[in-house]
Amino acid sequence: MARAMHHPALMLLNDSPRLPLIAALAVRFAAIVTRWERQRRTRINLSKLDDRLLKDVGLTQHEARKEYTRPFWQG
């Protein structure tokens, strides 16, 4: 499983050699849920962009729709 934890506190917890298994699993679960929530919010915001803003970020309406209709758990 790839680690996608960027928050310093999460990285510190995860790198601790004395972290019990259940705590390590909880940290990984929290990181995954955090990533999913970030992807969900990003896709919601993407769905609200007008054509001018989509052009600024280099996306067509079709490309944006394809991205924001993806399920939140897909990276």
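Each remark here, short or long, concerns the structure printed above.
Residues numbered from 1 in each chain as written. Predicted model: local features only at pLDDT ≥ 70, side-chain atom pairs only at ≥ 80, totals over all residues. Heavy atoms only, no water.

Enquirer: Outline a nonpolar patch on the surface, supporting the account with residue identities and numerical values.
Expert: There is a patch of nonpolar side chains on the surface, built from Leu-21, Ile-22 and Leu-25 and spanning about 350 Å² of accessible area. Note on placement: Ile-22 falls in helix H2 (residues 21–47). Judged by its relative accessible area of 66%, Ile-22 is exposed. (Patch = residues over 30% accessible without salt bridge, like charges linked within 9 Å, V, L, I, M, F, W, Y side chains within 5 Å. Areas by Shrake-Rupley, 256 points an atom, 1.4 Å probe, with all protein chains shown as cover. Salt bridge = Lys/Arg side-chain N within 4 Å of Asp/Glu carboxyl O. Helix = DSSP H or I, 4+ residues; strand = E, 2+ residues; numbered from the N terminus. Buried < 20%, exposed > 50% of the residue type's maximum accessible area, 1.4 Å probe, protein only.)

Enquirer: Give a description of the side chain of Gln-39 that names residues and reports values.
Expert: For Gln-39, the location among the structural elements is in helix H2. Classification of Gln-39 by relative accessible area gives buried; the value is 15%. When near neighbours in sequence (up to four residues on either side) are disregarded, Gln-39 contacts Phe-72, Trp-73, Gln-74 and Gly-75. (Contact = heavy atoms within 4.5 Å.)

Enquirer: Explain the packing of H2 against helix H4 (residues 61–68) residue by residue, including any values.
Expert: Packing of H2 against H4 leaves a shortest axis separation of 9 Å and a crossing angle of 150°. On the basis of their axis angle, the class for H2 and H4 is roughly antiparallel. In this structure, H2 crosses over H4, and the sense of that crossing is left-handed. Contacts between H2 and H4 involve Arg-43, Leu-46 and Ser-47 from the former and Ala-64, Glu-67 and Tyr-68 from the latter. (Axes fitted to C-alpha atoms, helices over the stretch in contact; angles between N-to-C directions. Parallel < 35°, antiparallel > 145°, perpendicular 65-115°, else oblique. Left-handed = near helix turned anticlockwise from the far one by under 90°.)

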